[in-house]
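The residues making up each chain are set out below.
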Amino acid sequence: MPKLTKGNSMFGAGASPGIMSCIAGRLLCDTFLCSRDLLKEVSYSLTQLAKNQLHKDRKEIAPQDIPSMFQKLESLIELIECAQQDAWLSLELMFHLSVIPLTHQLTKLSGNLWGKTLQGARAQRVEYLLLHAFHEQKYINPDKTSAHANEAKDQRLPKRRIDAGSADRNAEEFGGDDAKLETDHVKGKKGPAYAGGLVLEPKRGLYDKYILLLDFNSLYPSIIQEYNICFTTVEKTTDGSIPHLPSFKEIGVLPKLLRDLVERRKRVKQMMKNAPRIKLQQHDIHQQALKLTANSMYGCLGFSNSRFYAKPLAELITLQGREILQRTVDLVQNNLNLEVIYGDTDSIMIHTGLDDIEKAKSIAVKVTQEVNKKYQCLVIDLDGLYKRMLLLKKKKYAAIKVQFRNDIPYEVIERKGLDMVRRDWSLISKEIGDFCLNQILSGGSCDDVVESIHGALVKVREEMKNGEIQLEKYVITKTLTKQPEAYPDGKNQPHVQVALRMKQNGSCTGFSPGDTIPYVICCEQGTSSAGSSGMAQRARHPDELKDNGKWIIDIDYYLSQQIHPVVSRLCASIQGTSPERLADCLGLDSTKFQRRPNYAADVDHSSLLLGSVDDCERYEGCEPLVISCPSCSSSFDCPVVVTSFCGSTDDETVSPAREKPERNFWQSLRCPRCPIDGDMGRVSPAMIANQVKRQADHFLSLYYRNTMTCDDETCNYTTRGLNLRASGDFERGSVCPNYPHCNGHLLKKYTEADLYKQLSYFCHVLDTEKCLQKLNMEASARMSLETSLSRIRPVVQMAASVVSKMRDRCAFGWINLSDLVVAV
DNA sequence: ACCAGGAGCGC
DNA sequence: AGGCGCTCCTGGT
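Residues numbered from 1 in each chain as written. Chains lettered and ligands numbered in written order. Predicted model: local features only at pLDDT ≥ 70, side-chain atom pairs only at ≥ 80, totals over all residues. Heavy atoms only, no water.

(A) Region of interest: the overall build of chain A. Secondary structure assignment for chain A yields 28 helices and 16 strands. For chain A, the share of sequence-separated contacts (at least 6 apart) that also reach a separation of at least 24 residues comes to 65%. As presented, chain A carries roughly 41,900 Å² of accessible surface, and 52% of it is formed by carbon and sulfur atoms. (Helix = DSSP H or I, 4+ residues; strand = E, 2+ residues; numbered from the N terminus. Contact = heavy atoms within 4.5 Å. Areas by Shrake-Rupley, 256 points an atom, 1.4 Å probe, with all protein chains shown as cover.)

(B) Molecular detail of the protein's contact with DNA strand C. In the vicinity of DNA strand C lie 23 residues, with Arg122, Ala193, Gly196, Lys396 and Asn492 positioned nearest. Near-protein atoms of DNA strand C (within 4 Å) split between backbone and bases, with sugar and phosphate holding 84%. Between DNA strand C and arginine 122 there is a distance of 3.1 Å, counted from a base nitrogen to a side-chain nitrogen or oxygen. Between DNA strand C and lysine 393, the relevant distance is 3.5 Å, taken from a phosphate oxygen to a side-chain nitrogen or oxygen of the residue. In terms of residues, the surface near DNA strand C owes the most to one element, helix H19 (residues 555-570), which gives 4 residues. Among the residues forming the surface near DNA strand C, the class breakdown is 10 nonpolar, 6 polar and 7 charged. (Near = heavy atom within 4 Å. Polar contact = N/O pair within 3.5 Å; in protein donor to acceptor, adjacent residues only side chain to side chain. Nonpolar A, V, L, I, M, F, W, Y, C, P; charged D, E, K, R; others polar.)

(C) Local environment of a nonpolar patch on the surface. On the surface, a cluster of nonpolar side chains totalling about 360 Å² of accessible area is made up of Trp88, Leu91 and Phe95. Relative to the elements of secondary structure, tryptophan 88 occurs in helix H5 (residues 73-96). (Patch = residues over 30% accessible without salt bridge, like charges linked within 9 Å, V, L, I, M, F, W, Y side chains within 5 Å. Salt bridge = Lys/Arg side-chain N within 4 Å of Asp/Glu carboxyl O.)

(D) Representation of the packing of helix H15 (residues 427-440) against helix H16 (residues 446-465). Where H15 meets H16, the closest approach of the two axes is 9 Å, and the angle between their N-to-C directions is 160 degrees. By the angle class used here, H15 and H16 are roughly antiparallel. Here the hand of the crossing between H15 and H16 comes out right-handed. Contacts between H15 and H16 pair Ile428, Ile432, Phe435, Cys436, Gln439 and Ile440 from the former with Val449, Ser452, Ile453, Ala456, Leu457, Val460 and Met464 from the latter. The residue inventory of the contact of H15 with H16, partitioned by class, reads 11 nonpolar, 2 polar and no charged. (Axes fitted to C-alpha atoms, helices over the stretch in contact; angles between N-to-C directions. Parallel < 35°, antiparallel > 145°, perpendicular 65-115°, else oblique. Left-handed = near helix turned anticlockwise from the far one by under 90°.)

(E) Representation of H15. Look at H15: 20 Å from first C-alpha to last across 14 residues, which is about the 20 Å you get at 1.5 Å a residue. Inspection of H15 places Ile428, Ser429, Lys430, Ile432, Gly433, Cys436, Leu437 and Ile440 among the buried residues, and these make up the whole buried set. Buried residues belonging to H15 abut strand E1 (205-207), strand E5 (380-393), strand E6 (396-405), strand E7 (408-416), H16 and H19. (Expected span 1.5 Å × (residues − 1). Buried < 20%, exposed > 50% of the residue type's maximum accessible area, 1.4 Å probe, protein only.)

(F) Geometry of the confidence of the model for chain A. In this model, chain A carries an average pLDDT of 80, and 76% of its residues clear a pLDDT of 70 or more. The model gives residues 596-614 a pLDDT under 50, and that stretch makes 42 contacts with residues more than four places away or in other chains. Across residues 648-659, where pLDDT falls below 50, the model places 16 contacts with residues more than four positions away in sequence or in other chains. (pLDDT = per-residue confidence, 0-100.)

(G) Fine view of the pattern of salt bridges. The tally for this structure, following the rule as stated, stands at 24 salt bridges. Residues glutamate 201 and arginine 204 are paired through a salt bridge, measuring 3.9 Å at the closest nitrogen-oxygen approach. By relative accessible area, arginine 204 is classed as buried at 17%. Aspartate 344 is the partner of lysine 395 in a salt bridge, and the nearest nitrogen-oxygen pair spans 2.8 Å.

(H) Representation of the protein's contact with DNA strand B within the structure. Every one of the 14 residues lining DNA strand B counts as a neighbour, but Asp346, Tyr397, Gly417, Arg422 and Thr481 are closest to it. The sugar and phosphate moieties of DNA strand B supply 85% of its atoms located within 4 Å of the protein. Between a phosphate oxygen of DNA strand B and a main-chain N or O atom of glycine 417, the distance comes to 2.9 Å. At 3.2 Å, a backbone N or O of arginine 423 approaches a phosphate oxygen of DNA strand B. Class assignment of the residues belonging to the surface near DNA strand B gives a composition of 3 nonpolar, 3 polar and 8 charged.

(I) Structural context of the side chain of aspartate 419. Mapped onto the elements of the fold, aspartate 419 is located in the loop between E7 and H15. Here arginine 569 takes part through its side chain, which lies 3.0 Å from a polar atom of the side chain of aspartate 419. Every residue in contact with aspartate 419, bar those within four places of it in the chain, is listed here: Lys396, Trp425, Val566 and Arg569.

(J) Quick look at the packing of aromatic side chains. Evaluation of the coordinates by the stated rule reveals 9 aromatic pairs. Judged by centre distance (5.4 Å) and plane angle (90 degrees), the rings of phenylalanine 134 and tyrosine 139 are edge-to-face. Site record: aromatic cluster; members linked through ring pairs are Phe134, Tyr139, Phe231 and Phe308. A cation over a ring is seen here: arginine 405 above tyrosine 410, with NZ or CZ 4.7 Å from the ring centre. A cation over a ring is seen here: arginine 540 above tryptophan 551, with NZ or CZ 4.2 Å from the ring centre. (Phe/Tyr/Trp six-rings, centres within 6.5 Å; stacked < 30°, edge-to-face > 60°. Lys NZ or Arg CZ within 6 Å of the ring centre and 35° of its normal.)

(K) Molecular detail of the nonpolar core. By size, the foremost hydrophobic cluster in this structure holds 66 residues, and its most contacted members are Ile229, Phe231 and Val367. Sorting elements by how many residues they give to this core places helix H13 (residues 311-335) first, with 9 residues. Judged by nonpolar contacts, the second largest core, of 56 residues, contains Ile400, Cys522, Trp551 and Tyr558. (Core = buried A, V, L, I, M, F, W, Y, C linked by side-chain atoms within 4.5 Å.)

(L) Fine view of the environment of glycine 384. Here glycine 384 is to be found in strand E5. Considering only alpha carbons, one finds glycine 384 and leucine 213, 171 residues apart in sequence, at a separation of 4.8 Å. Filtering out sequence-adjacent residues up to four positions away, glycine 384 remains in contact with Ile211, Leu212, Leu213 and Lys401.

(M) Local environment of the pairing of E6. Of the pairings in the sheet, the one linking E5 to E6 comprises 6 bridges and is antiparallel in character. When the sheet's bridge partners are listed, lysine 393 is paired in E6 with lysine 396. Linkage of E5 to E6, two consecutive antiparallel strands, is achieved through a turn of 2 residues, within which lysine 395 is found at a positive phi near 65 degrees. One ladder, built from 9 bridges, connects E6 with E7; its direction is antiparallel. Across the sheet, the residue bridging to valine 402 is glutamate 411, located in E7. From the end of E6 to the start of E7, which pair antiparallel, there are 2 residues, and asparagine 406 there has a positive phi angle of about 55 degrees. (Pairing = 2+ DSSP bridges.)

(N) Structural view of unusual backbone geometry. A positive phi angle, close to 70 degrees, is found at lysine 138, a residue other than glycine. Summarising the element assignment, lysine 138 is placed in the loop between helix H8 (122-136) and helix H9 (170-173). Here the phi dihedral of aspartate 407 falls at roughly 65 degrees; this positive angle occurs in a residue that is not glycine.

(O) Quick peek at the side chain of serine 296. Summarising the element assignment, serine 296 is placed in helix H12 (residues 277-301). A polar contact of 3.1 Å, which involves the side chain of serine 296, links it to the backbone oxygen of threonine 293.

Structure below.
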């Protein structure tokens, strides 16, 4: 009798040999594995799949509840019905994904075993495809070699860069007599074995003119055909360098195979045009299978355990890919005078600067014609027309894509690589992120967008504090890659901790690699989140909170670690806000959110409260608060209130307040240049308030003057954003008028962030409360300082409240001119 | 302030 | 039991 175990449980995959032997002769379709292959979901639980794919609800039963359900007839029947429903759902899922027809086609194409195709086995499919192809041409195929043939190669450093030098590879590279058999890239090796695709540095920002997305159809298969790359055509090199392109005239086996696949696909697609409805889906699956097969060949050339492993060929292919992309960029920029803003491996994005979709399309036609002239097999094509786009980083962007159905345009939001599309963020942060993205792409004015984002943050914080957010929205999902016990640093991994505890208390039987673990970050009731224990120790399964009041959601964690970073990244190139201000809206200490080093090369040099704890740095670049004497009409820089009193010496260099005589201004409230005695030089609270307000007004008008400068230093174009619509709009998208001679963008010279920082500095100068809290001093010193400050407080109160009101207005993204008429 | 290691994406 | 390129997070030093 075979052992009916769960399977080897590696990634929860497949059935054990025991089970397989019981169903010998039958096909096993594991819908879990199929779904993981064919779909992109945050979780592949049957519940989740049924909901998202089949739009059906599945009743969940906890494993520990099952025994008790046998006790009563009704609950037993319920259990049976649930089991039955699960079976039907699995079956329905299989049909929904067309698993059977698709794997059937794939198997027919490659000539392997259907059962293996159902298990995934992509490498094996290609192996059989090539075995058949070479056999047909009367070649003798290479033997399959074991994976650890060349174990003695660990002299190579792990993670070493592939471009660091290829000289050290001579000995091992072609030591054997057959390049096809090299097993260089042994299992377990981490670093890449060769260079891959080219990724262009994106020109970050928000674009509101049409963007063209052009890409080469099936780049790597096309390269193989274009340059006749094959085992039979490429000359081997002896020094480990990348081989040259073949001059061989006769078509190689791989190119021929691919050509056949492409032609068959063309024929099938042709047939689809006049096919009866019932045949349509069948053809479509056939067509998909042909494409999948063609595209998976390259991957297996670079797979070190493959029978047809051929690093030189894979390297040659990717090298051609990089050169083709670079040539295309050069052609588009230099010959066609268009701006390429991004590109990845086989695609380029072109900023047309046009509002007219038809004109944009005609540019696409022109570009594709020019590029396609140069190649026989390779074809570049228009793949997307973006009305607006937010380009954040390499492989991270979102856009409003305009598509057509029967010539009727409609818009779809496409999101690539952003936090929201990743499974390892909580739903609440994804929802907020989605909201912000929609706002940013909405086309509304900058002020409106910033206002609504800030408003949403304030609102969500309120809701979180009031406990109005469902528990589900806090759930974070992560995948186990090992057995939970097998993690060396399991103490630090929240999902590992949760899995271990669940197994311990018997709420489940255990976990396998590949399982996804849901958890929420909590804190013990009554303690603050900043408590000593690490985050992993505070992770709990959502169910652990439902019947236990001891652990509650750690709101601070979610505000600062889940919501803030997500929103902050989305807004990185949006003028009018900053990480600090977003933190303010979330009620976080804004000084803790300094610009991270990896944002250093970012567009926004004009920023912001670079919240280093050091005030000197934080307010770097701010203009001093100037007080002018009513009597002698001389003026001086106003010192910081607290600094004058506690006499701290270490900020002698605080930029705006460095002159000595002024240091004791706050003690005497007199002009330092006037005679000590007499009534001359007395400065009244109203005067201070008036002067503060006047200077704040000055910076405000500087902001409203809206001077714009090109961000390309060599260009220096400067203008005023006269156009009102444009002035409220996202400046990042407006290309320098010197274009195409300059590829820069216009930026506000004095941004809202600058204004905010300046006003914050004024607040800081006049502050009599917050600074005090930050100072660590003895109780006696604190007392005397308190006394001094309480004397000053009424004097500065008026000025401080005027400027702090303005600052707060600014902080929420709308500056209301009417508020500036303040009675003094 | 760096580095290593892992997830998880994009292509 | 395809590949590489690129953020990000986390913990450790």
